[in-house]
Amino acid sequence: MTSTDDQGQRKGHRPFFWEKDYAKSPPEGADLAALRRGWGRPAGEVPAMWPHYTRLRADGWASPQLHAEHAALVLFALHQQSQSRLVHQPNVGLGLAVAKLRDSGKFSADAVTGRFGAAATATSFTEVVAHLRGLVTQLRALAPTQPLDYTQLFWDLCRWQDPENVHEIRRRWGSQYFTHREKTENAPDAGTAA
């Protein structure tokens, strides 16, 4: 069925829901509504979500990958709701997406930093997902909405469930967040004195 895959090594697996070809039209509203019904519910227990999972197991075991996919599906469906363009964008990690949110001016930079910090320092899987929901709600408030790499988020959530990996994920999220600064017309060039 499924094996423990490394990032990007998914040979033989069908694409995640958010990775499908939506070039002609965004995901169906009914599918997104079905996925949003999973909020607050255990992974694998919402029948309307079953066709959209890639990590269901015949034995019914809710693996760490199923928990991560469930969370990513619900967050993606919340983010994608009523959007005409796809919100999944490869290579836009969580820290980078939230940095762009911070730099947008739509919300207080301190408030965004606080919410991001709460997600990064969460001590349980349930807690990090709850904080991510708040961040995704803010990402979708931007016009146009700020995209996010949901495949990377899936892998981050898989690894988050192992305490040995949490520190590495936090460092990556933090480095993306704190090293990104939007370039503005008023900013001096790298080679000129300020």
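Residues numbered from 1 in each chain as written. Predicted model: local features only at pLDDT ≥ 70, side-chain atom pairs only at ≥ 80, totals over all residues. Heavy atoms only, no water.

**Here's the deal with the overall build of the protein**
Thinking step 1. When helices and strands are tallied, the protein shows seven helices and zero strands.
Thinking step 2. Mapped from its N terminus to its C terminus, the protein presents α and β elements in the order α-α-α-α-α-α-α.
Thinking step 3. Relative to its full complement of 194 residues, the protein shows a buried share of 44%.
Thinking step 4. Intrachain contacts of the protein at a sequence separation of at least 6 include 70% that bridge at least 24 residues.
Thinking step 5. Accessible surface, the protein as shown: approximately 10,300 Å² in total, 51% of it carbon and sulfur. (Helix = DSSP H or I, 4+ residues; strand = E, 2+ residues; numbered from the N terminus. Buried < 20%, exposed > 50% of the residue type's maximum accessible area, 1.4 Å probe, protein only. Contact = heavy atoms within 4.5 Å. Areas by Shrake-Rupley, 256 points an atom, 1.4 Å probe, with all protein chains shown as cover.)

**So, the nonpolar core**
Proteins that are soluble and globular tend to have nonpolar side chains buried together.
Thinking step 1. Judged by nonpolar contacts, the single largest core of 53 residues is most densely connected at L132, Y150, L157 and W173.
Thinking step 2. Mapped onto this core, the elements with two or more residues apiece are α1 (29-36), α2 (64-80), α3 (94-104), α4 (109-120), α5 (125-141), α6 (150-160) and α7 (163-179).
Thinking step 3. In terms of residues, this core owes the most to one element, α2, which gives ten residues.
Thinking step 4. When sequence neighbours within four positions are dropped, the list of residues in contact with W173 reads L94, G95, F116, A119, A120, V128, L153, D156 and W160. (Core = buried A, V, L, I, M, F, W, Y, C linked by side-chain atoms within 4.5 Å.)

**Some thoughts on the packing of aromatic side chains**
Two measures describe an aromatic ring pair: the distance that separates the ring centres and the angle between the ring planes.
Thinking step 1. For the structure shown, the criterion picks out eleven aromatic pairs.
Thinking step 2. Here the aromatic rings of F17 and F76 are separated by 5.9 Å at their centres, their planes lie at 75 degrees, and the arrangement is edge-to-face. In this pair, F17 is assigned in the segment before α1 and F76 in helix α2, connecting sequence segments 59 residues apart. In this structure, F17 and F76 share a single accessibility class: buried.
Thinking step 3. Here the aromatic rings of F154 and W155 are separated by 4.9 Å at their centres, their planes lie at 70 degrees, and the arrangement is edge-to-face. Take F154 and W155: they sit in the same class, and that class is buried.
Thinking step 4. Here the aromatic cluster, defined as three or more aromatic residues joined through ring pairs, consists of F16, F17, W18, Y22, F76, Y150, F154 and W155.
Thinking step 5. We note R133 situated over the ring of W39; from NZ or CZ to the ring centre the distance is 4.5 Å. (Phe/Tyr/Trp six-rings, centres within 6.5 Å; stacked < 30°, edge-to-face > 60°. Lys NZ or Arg CZ within 6 Å of the ring centre and 35° of its normal.)

**Some remarks on the packing of α5 against α6**
Thinking step 1. One can describe the packing of α5 onto α6 by two numbers: an axis separation of 10 Å at closest approach and a directional angle of 155 degrees. When the axes of α5 and α6 are compared, the pair comes out roughly antiparallel. For the crossing formed where α5 meets α6, the hand is right-handed. The segment α5 lies against α6, with F125, V128, V129, L132 and V136 engaging Y150, L153, L157 and W160.
Thinking step 2. Grouping the amino acids of the contact of α5 with α6 by side-chain chemistry returns nine nonpolar, no polar and no charged. (Axes fitted to C-alpha atoms, helices over the stretch in contact; angles between N-to-C directions. Parallel < 35°, antiparallel > 145°, perpendicular 65-115°, else oblique. Left-handed = near helix turned anticlockwise from the far one by under 90°. Nonpolar A, V, L, I, M, F, W, Y, C, P; charged D, E, K, R; others polar.)

**A look at α7**
Thinking step 1. Between its terminal C-alpha atoms α7 stretches 25 Å, which fits the 24 Å expected from 17 residues at 1.5 Å a residue.
Thinking step 2. Along α7, the positions that sit buried rather than exposed are N165, V166, I169, R172, W173 and Y177. Within α7, the buried residues cover an arc of 135 degrees as seen down the axis, which keeps them to one side. Of the exposed residues in α7, the ones pointing more than 90 degrees away from its buried face are E164, R171, F178 and T179.
Thinking step 3. The inward-facing, buried residues of α7 abut α3, α4, α5 and α6. (Expected span 1.5 Å × (residues − 1). Arc of directions from axis to C-beta.)

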